[in-house]
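# Summary of the model geometry
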Amino acid sequence: MAKTTTVNFTSARVADFKPRVGKIQDFQWDTTAPGLGQCASKTSSAYVFQFRLNGKPLRLTIGKTAAWRLPDVREEARRLQVMVDRGLDPRLVKAANIAAELATAAEVARKTITFGEVWAAYLAERKPRW
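Helices and strands together make up the secondary structure of the protein, namely four helices and five strands. Listed by position from the N terminus, the elements making up the protein come as β-α-β-β-β-β-α-α-α. Over its C-alpha trace the protein gives a radius of gyration of 22 Å, far above what one expects of a compact globule, namely 14 Å for 130 residues. C-alpha extents for the protein along the principal axes are approximately 70 × 35 × 25 Å. A burial count over the protein gives 31% of its 130 residues as buried. Taking contacts inside the protein between residues at least 6 apart in sequence as the whole, the part at least 24 apart equals 36%.

Rendered as structure tokens:
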């Protein structure tokens with residue numbers, strides 16, 4: 001994961017960045033927010049966060065460059081760096097948050113469904129077999 005180009009990100013630089021000739025994808029890195037980079041291919045461009053955790057180099061995609069404003073993505077990169085500094089893997093934190101949201105949604109669904117609805121669905125499902 002060699003850092004190829006380090007520049008101060010501006011809207012114009014981010015919008016104009018394309019992979020070099022002969023490369024499928026290319027990276028440029030921000031001088032303002034350490035670890036913040038842009039990965040560009042011929043068809044898409046996304047912000048990435050590169051970090052080391054327990055000696056391993058890792059990379060996390062933040063989101064498409066068209067969807068993020070520069071101040072927001074820099075703030076997100078700093079937030080991710082704080083996690084890494086605390087010894088947390090941002091990828092695992094994200095997965096845990098998604099799992100918690102799914103569990104909450106399942107609990108809400110469980111509490112809102114009635115026995116009558118379940119019984120009617122059960123009967124409708126089993127009727128062809130009776």
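As a further point, take unusual backbone geometry. In this model, Asn 54 sits at a positive phi of 55°, which is unusual for a non-glycine residue. Inspection of the secondary structure assignment puts Asn 54 in the loop between strand S4 (45-53) and strand S5 (56-64). Taking the relative accessible area as the measure of exposure, Asn 54 reaches 78% and is therefore exposed.

Applying the stated rule across the entire model yields seven salt bridges. With its nearest N and O atoms 3.2 Å apart, the salt bridge here joins Asp 72 to Arg 69. Assessed through its relative accessible area of 53%, Arg 69 is described here as exposed. Across the salt bridge formed by Asp 89 and Arg 91, the nearest N and O atoms sit 2.6 Å from each other. By relative accessible area, which is 36% here, Arg 91 ends up partly exposed.

Bringing the environment of Thr 65 into the picture now. One can find Thr 65 in the loop between S5 and helix H2 (70-85). Here Thr 65 falls in the buried class, since its relative accessible area comes to 18%. The spacing of Thr 65 and Ala 33 is 32 residues in sequence and 15 Å in space, taken between C-alpha atoms. Setting aside its immediate chain neighbours within four residues, Thr 65 contacts Val 14, Gln 38, Ser 45, Ala 46 and Tyr 47.

Rules and cut-offs
Residues numbered from 1 in each chain as written. Predicted model: local features only at pLDDT ≥ 70, side-chain atom pairs only at ≥ 80, totals over all residues. Heavy atoms only, no water. Helix = DSSP H or I, 4+ residues; strand = E, 2+ residues; numbered from the N terminus. Rg over C-alpha atoms; globule rule 2.2 N^0.38 Å. Buried < 20%, exposed > 50% of the residue type's maximum accessible area, 1.4 Å probe, protein only. Contact = heavy atoms within 4.5 Å. Salt bridge = Lys/Arg side-chain N within 4 Å of Asp/Glu carboxyl O.

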